Amino acid sequence: VIPGITASKTVGSAPPPTDPDFAFVQLLLHMNGVNASTTFTDSSSFGKPVTAAGGAQISTAQSMFGGASGYFDNSGDYLTVPSSSSWNFQTGDLTVECWIRPAGSETDFVIDNRDGGGTGWAFYISSTNSLVMQGTGGSPNFLESAGGVITRGAWQHIAWTRASGVNRIFVNGVQVDTNSTTTCGDSSAIPLNLGRRQNANDLFFNGWMDDVRITKGVARYTSNFTPPSAQFPDS
């Protein structure tokens, strides 16, 4: 049963009607649709197939935009998108961002693109409510905020960017950590998973996600910014 809780909104600036960097968007999931649907549509120009596993589904109980979001119950729910060069960042510029409303208190994996040996990258929340980006190209390297930057039971925008080798992570538009050392191994042969730790399949996401966007080749944010007040454009 999906809890019915009134969604909270974060006031920000509306995105432009069109995105000048839309050609670089590798995945765009608005997570809109009918309650309990398991259909998740990629609105990027690539239209990648998205498969729901476990009980991952659309929920109208919570949303930031569009009246619905993706719901994950921390019990085997996740989405998977096939392997692609889209996820192979290595040292290039990028932006990975979405809205989340975590509901539990455990480690929550938002996006994971690593193989069984750990090669690739992952974006997750620790049990101490820090925001973590892990890259692995031979040995793990981390970009991790201080604890307490994530608020459980509330919507917040999270983002990881890299510009000219400098990594930054943001919560609600505020930069919470940065470094120039975190890189990613070649993950072009690894599927993208949302809502679970892929290389161990033992940690999942508990709560809701909305408006997931992955942009390769462009760092959209390099300093503090105002989170968007509408869903990202489809062109």
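The notes below deal with the structure included here. (Residues numbered from 1 in each chain as written. Predicted model: local features only at pLDDT ≥ 70, side-chain atom pairs only at ≥ 80, totals over all residues. Heavy atoms only, no water.)

## With respect to the overall build of the protein chain
A count of helical and extended segments in the protein chain gives zero helices and 15 strands. Its C-alpha atoms give the protein chain a radius of gyration of 16 Å, near enough to 18 Å, the size a compact globule of 235 residues would have. Taken along its principal axes, the extent of the C-alpha atoms in the protein chain is 45 × 40 × 35 Å. Charged side chains in the protein chain number 12 positive and 18 negative. The centres of these two groups are separated by 2 Å. (Helix = DSSP H or I, 4+ residues; strand = E, 2+ residues; numbered from the N terminus. Rg over C-alpha atoms; globule rule 2.2 N^0.38 Å. Lys, Arg positive; Asp, Glu negative; His and termini not counted. Charge placed at Lys NZ, Arg CZ, Asp CG, Glu CD.)

## Re the sheet that holds strand β7 (residues 108-114)
Across the sheet, seven strands lie side by side as β2-β5-β14-β7-β8-β9-β10; this open sheet has antiparallel pairing. Where the open sheet ends on each side, the last strands, each with one partner, are β2 (51-53) and β10 (140-144). The average angle at which neighbouring strand axes cross in this sheet is 15°, direction not considered. In terms of strand pairing, strand β9 (residues 131-136) meets β10 through five bridges, oriented antiparallel. By the bridge assignment for β10, Gln134 is matched with Phe142. (Pairing = 2+ DSSP bridges. Axes fitted to C-alpha atoms, helices over the stretch in contact; angles between N-to-C directions.)

## Some details on the pattern of salt bridges
One pass over the structure, following the stated rule, counts six salt bridges. The residue Arg152 makes a salt bridge to Asp108 at a minimum N-O spacing of 2.4 Å. Of this pair, Arg152 sits in the loop between β10 and β11 (156-163) while Asp108 sits in strand β7, placing them 44 residues apart in sequence. (Salt bridge = Lys/Arg side-chain N within 4 Å of Asp/Glu carboxyl O.)

## Let's talk about the nonpolar core
Residues Trp121, Trp160 and Leu194 are the most contacted members of the largest nonpolar core, which totals 37 residues. By residue number, the principal contributor to this core is strand β6 (residues 94-102), which donates four residues. Core analysis: the second largest hydrophobic core is formed by eight residues, Phe22, Val25, Leu28 and Phe170 among them. (Core = buried A, V, L, I, M, F, W, Y, C linked by side-chain atoms within 4.5 Å. Buried < 20%, exposed > 50% of the residue type's maximum accessible area, 1.4 Å probe, protein only.)

## Quick notes on the side chain of Arg213
If you trace the backbone, Arg213 turns up in strand β15 (residues 206-216). In this structure Arg213 touches Asp19, Val25, Leu27, Leu28, Thr95, Val96, Glu97, Arg220, Tyr221, Phe232 and Pro233, once residues within four positions along its chain are discounted. (Contact = heavy atoms within 4.5 Å.)

## Brief notes about the packing of aromatic side chains
Across all of its chains, the model carries eleven aromatic pairs by this definition. With a centroid separation of 5.5 Å and an interplanar angle of 55°, the aromatic rings of Trp121 and Trp160 are classed as tilted. Residue Trp121 is located in strand β8 (residues 120-125), and its partner Trp160 is located in strand β11; the two are separated by 39 residues in the primary sequence. Relative to Trp160, the ring of Phe123 lies with its centre 6.4 Å away and its plane at 45°, an arrangement referred to as tilted. Placement of the pair is Phe123 in strand β8 and Trp160 in strand β11, with a sequence separation of 37 residues. Taken together, the ring pairs connect Phe89, Trp121, Phe123 and Trp160 into an aromatic cluster. Over the aromatic face of Tyr78 sits the side chain of Arg196, whose NZ or CZ is 4.0 Å from the ring centroid. (Phe/Tyr/Trp six-rings, centres within 6.5 Å; stacked < 30°, edge-to-face > 60°. Lys NZ or Arg CZ within 6 Å of the ring centre and 35° of its normal.)

Geometry only, nothing functional implied.
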